[in-house]
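Residues per chain, in single letters:
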Amino acid sequence: MSALKDRLRTDLTAAIKGRDEVRSSTIRMVLSAITNAEVAGKEARELSDDDVVGVLSTEAKKRREAATAFEEGGRTEMAAKERAEAEVIADYLPEQLDADAIAALVADAIEKTGAAGEGMKAMGKVMGVVTPQTKGRADGGAVAAEVRRQLA
């Protein structure tokens with residue numbers, strides 16, 4: 001079993017014993033998403049820590065998007081609930097990259113691929129280099145926006 005999944009299970013037990021409703025329900029939901037990912041496809045498999053981080057990133061993104069949607073719809077209590085869940089999930093994700101770090105990674109990738117003069121045609125090439133470096137540590141939309149900005 002992956003160490004991260006094991007940590008989630010241990011923390012779930014602690015959250016239940018501590019009667020932390022938000023934490024326990026969020027971890028249950030994340031473990032359910034991990035199980036769904038494990039049984040998806042033609043045959044069941046055990047997820048690695050990197051795969052679990054991918055699932056956690058997806059779940060965190062869902063929470064951020066839902067919080068924004070609820071906020072725009074005037075449902076502040078639901079937005080606060082989604083943000084609280086996102087904070088719990090963030091505890092299990094690697095350190096998130098800030099805008100400066102993303103910009104530096106993108107500039108380095110453009111230099112490595114020689115895409116400086118190619119413009120937007122080179123976006124796929126640059127994203128192919130940057131994405132593995134930022135997986136689980138930055139939102140893909142923010143990375144793509146920075147690549148577009150630097151290539152333009």
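Residues numbered from 1 in each chain as written. Predicted model: local features only at pLDDT ≥ 70, side-chain atom pairs only at ≥ 80, totals over all residues. Heavy atoms only, no water.

Asker: What is the right way to read the side chain of E38 from this model?
Answerer: With respect to the helices, strands and loops of the structure, E38 is situated in helix α2 (residues 21–39). Residue E38 is classed as buried on the basis of its relative accessible area of 9%. Those residues in contact with E38, other than ones at most four positions away along the chain, are K5, E43, A44, R45, E46 and L47. (Helix = DSSP H or I, 4+ residues; strand = E, 2+ residues; numbered from the N terminus. Buried < 20%, exposed > 50% of the residue type's maximum accessible area, 1.4 Å probe, protein only. Contact = heavy atoms within 4.5 Å.)

Asker: Would you mind going over the environment of E65 with me for this structure?
Answerer: Relative to the assigned elements, E65 resides in helix α3 (residues 49–72). Exposure remark for E65: the relative accessible area of 47% places this residue in the partly exposed category. Placed 62 residues apart in sequence, E65 and A3 show a C-alpha to C-alpha distance of 28 Å.

Asker: Please explain α2 as it appears in this structure.
Answerer: Each turn of an α-helix holds 3.6 residues, which means side chains three or four residues apart point in the same direction. For α2, spanning 19 residues, the distance from its first C-alpha to its last is 27 Å, which sits close to the expected 27 Å at 1.5 Å a residue. Taken together, the buried positions of α2 are occupied by S24, T26, I27, V30, L31, A33, I34 and E38. Where α2 is buried, its residues touch α1 (3–17), α3 and α4 (76–90). One or two steps after α2, the chain reaches G41, where phi turns positive at roughly 95°. (Expected span 1.5 Å × (residues − 1).)

Asker: Teacher, can you tell me more about the nonpolar core here?
Answerer: Note on soluble globular proteins: their nonpolar side chains tend to be buried together. With 18 residues, the main nonpolar core has L8, I27, I34, V52, L56 and Y92 as its most contacted residues. Setting aside residues no more than four positions away along its own chain, V52 makes contact with S2, L4, L8, I34 and L47. (Core = buried A, V, L, I, M, F, W, Y, C linked by side-chain atoms within 4.5 Å.)

Asker: Got a minute to help me understand the environment of T26 in this structure?
Answerer: For T26, the position within the fold is in helix α2. Using a relative accessible area of 0% as the deciding quantity, one classes T26 as buried. In contact with T26, other than residues within four places in its own chain, are E85, V88 and I89.

Asker: How should helix α7 (residues 140–151) be read in this particular structure?
Answerer: A rise of 1.5 Å per residue sets the reference length of α7, with its 12 residues, at 16 Å; its end C-alpha atoms lie 16 Å apart and thus fit the reference within 8%. Looking at the buried positions of α7, the neighbouring elements they touch are α5 (99–113) and α6 (123–134).

From the geometry alone we can't say anything about function, so treat these as descriptive.
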